[in-house]
Amino acid sequence: MRQTRIRLGLSQAQLAHACGLSQSAISSYENGSRRSPKKLLNLAQTLGVDIYWLSRGDGAAHPASNTPASMHDPASPWPFPSIEPRVFWSLRQKDRQAVEATVSALIDSLLSPEKY
């Protein structure tokens, strides 16, 4: 979990805020003193990892999904030079979904032929 958090450029506090946990809870999960997070699904979604992998350490860390790999891979080109990836990933999941929906709607409107 720690490696994934660091790879995404998130501090413990940013990850905690994004998934609705406390920073001390994130620290406890990372050092192994806490095993079963209350908000495991939120944590897995925030980190972009498979919930089973997060809870058990087995299987593939990254779930097969429709989300482009570049959304979870800081090494991929980031499409928004004025927004740092760590800022985006520090948002709560529902806020990231709102950003994605907004950008998608804007792109659709720009690609749609004008109806005059």
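Treat the numbers as computed from the prediction; the structure is a model and nothing was measured.

Calculation rules
Residues numbered from 1 in each chain as written. Predicted model: local features only at pLDDT ≥ 70, side-chain atom pairs only at ≥ 80, totals over all residues. Heavy atoms only, no water. Axes fitted to C-alpha atoms, helices over the stretch in contact; angles between N-to-C directions. Helix = DSSP H or I, 4+ residues; strand = E, 2+ residues; numbered from the N terminus. Parallel < 35°, antiparallel > 145°, perpendicular 65-115°, else oblique. Left-handed = near helix turned anticlockwise from the far one by under 90°. Contact = heavy atoms within 4.5 Å. Nonpolar A, V, L, I, M, F, W, Y, C, P; charged D, E, K, R; others polar. Buried < 20%, exposed > 50% of the residue type's maximum accessible area, 1.4 Å probe, protein only.

Asker: Sorry if this is basic, but what is going on with the packing of helix H2 (residues 12-19) against helix H4 (residues 40-47) here?
Answerer: The description of two helices packed together rests on the angle between their axes and the distance between the axes. Two numbers describe how H2 lies on H4: the axes approach to 9 Å, and their chain directions differ by 120 degrees. Put simply, H2 runs oblique to H4. As for how H2 packs across H4, the hand of that crossing is right-handed. Contacts between H2 and H4 involve Leu15, Ala18 and Cys19 from the first element and Asn42, Leu43, Thr46 and Leu47 from the second. Looking at the contact of H2 with H4, its residues break down into five nonpolar, two polar and no charged.

Asker: Would you mind going over the side chain of Glu30 with me for this structure?
Answerer: Among the secondary structure elements, Glu30 is positioned in helix H3 (residues 23-31). Residue Glu30 is classed as buried on the basis of its relative accessible area, which comes to 19%. Apart from the residues lying within four places of it in its own chain, the contact partners of Glu30 are Met1, Arg2, Arg5 and Gln12.

Note that all results are geometric; they support no functional claim without further evidence.
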